[in-house]
Amino acid sequence: MPSTGELTPEGFSELAHSIWRECYTDLLGKPKVEYMLAKFQSPEAIADQIANGHVYRAILCGGEVCGYSSHVYRDDGCFISKIYVSSTHRGRGLGRWRLDAIMAEAEAAGAERAYLAVNKDNAGPIAFYESIGMEICDAT
């Protein structure tokens, strides 16, 4: 049974670097991935996000860190900023498990909606989100 846990901003950053490089290098190219990691997933950027209300959680399987998520409450609902699972743990329903938990938490907190953003060229996650009933509200 999966669970969630805490990591330091450095721990989340290290995990992000590993997962982002394996997921996005082919899609975005190495320079763009490295830029985004430095800007949005450095220990400093993550610490700043946490200080501004982002809820980061490690996804654990048998005590092993296998992914992470982040969400934040805004005036227009719960923005699900990140759900990432390492390649060795994908296909086990962990992303869906974490998404369901965030959505339940958002509903309990009174958020009227939960939403996220996905790169328009990232077909796999888009198909997943659509398969569970989410809909595309905007595409840029």
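I will try to describe carefully the structure that is included in this document.

Calculation criteria
All residue numbers refer to positions counted from 1 along the written sequence of the respective chain. The predicted origin of the model limits local features to residues at a pLDDT of at least 70 and limits the giving and counting of side-chain atom pairs to 80 or more, whereas totals for whole chains, interfaces and linings rest on all residues. Hydrogens and water are ignored here; the side-chain numbers use all heavy atoms of the structure. The rule is short: rings of Phe, Tyr and Trp, with Trp giving its six-membered ring, pair when the centres are within 6.5 Å, and they are stacked under 30 degrees, edge-to-face over 60, tilted in between. Helix and strand definitions follow DSSP, with helices as H or I runs of at least four residues and strands as E runs of at least two, each counted in order from the N terminus. Each residue is assigned to one of three classes by its accessible area relative to the maximum for its type, calculated with a 1.4 Å probe on protein chains only: buried under 20%, partly exposed between the two thresholds, exposed over 50%. It only takes one pair of heavy atoms within 4.5 Å for two residues to be counted as in contact. Only one rule defines a salt bridge in this text: a Lys or Arg side-chain nitrogen within 4 Å of an Asp or Glu carboxyl oxygen. Any two strands are treated as partners once DSSP identifies two or more bridges connecting them. An axis is simply a line fitted to the C-alpha atoms; with a helix, the fit covers only the stretch in contact. Between two such axes, the angle follows the N-to-C directions and lies from 0 to 180 degrees.

### What about the packing of aromatic side chains?
- Scanning the model with the defined rule gives 9 aromatic pairs in all.
- When the ring of Phe-12 is compared with that of Tyr-68, the centres are 6.1 Å apart and the planes differ by 55°; the resulting orientation is tilted. Here Phe-12 is found in helix α1 (residues 9-28), whereas its partner Tyr-68 is found in strand β3 (residues 64-74), with 56 residues between them in sequence. Accessibility assignment for this pair places Phe-12 and Tyr-68 in one class, buried.
- Each ring, one from Tyr-68 and one from Tyr-84, has its centre 5.4 Å from the other, and the planes form 40°; the classification is tilted. Highlighted residues: Tyr-68 in strand β3 and Tyr-84 in strand β4 (residues 77-85), separated in sequence by 16 residues.
- Owing to a relative accessible area of 0%, Tyr-68 belongs among the buried residues under this scheme.

### A look at the environment of Tyr-115
- Take Tyr-115: it is sitting in strand β5 (residues 114-116).
- What makes Tyr-115 buried here is its relative accessible area of 14%.
- It is 14 Å that separates the C-alpha atoms of Tyr-115 and His-54, two residues lying 61 residues apart in sequence.
- Setting aside residues up to four positions removed in sequence, Tyr-115 forms contacts with Arg-74, Asp-76, Gly-77, Cys-78, Phe-79 and Ile-80.

### Comments concerning the pattern of salt bridges
- Within the structure shown, the criterion is met by 5 salt bridges.
- We note a salt bridge from Arg-21 to Glu-34, for which the minimum N-O separation is 2.8 Å. Of this pair, Arg-21 sits in helix α1 while Glu-34 sits in helix α2 (residues 30-40), and the two are 13 residues apart along the sequence.
- Judged by relative accessible area, which is 38%, Arg-21 ranks as partly exposed.
- The exposure class assigned to Glu-34 is partly exposed, which follows from its relative accessible area of 26%.

### Here we look at the sheet that holds strand β1 (residues 3-5)
- Pairing is mixed in the open sheet, where 5 strands are placed in the order β1-β2-β3-β4-β5. Two strands in the sheet have a free side with no partner beyond their single neighbour: β1 and β5. Sheet twist, expressed as the average angle between the axes of neighbouring strands with direction ignored, equals 35°.
- Of the strand pairs in this sheet, β3 and β4 are connected by 8 bridges, and their pairing is antiparallel. For Val-72, the partnering residue across the bridge sits in β4 and is Phe-79.

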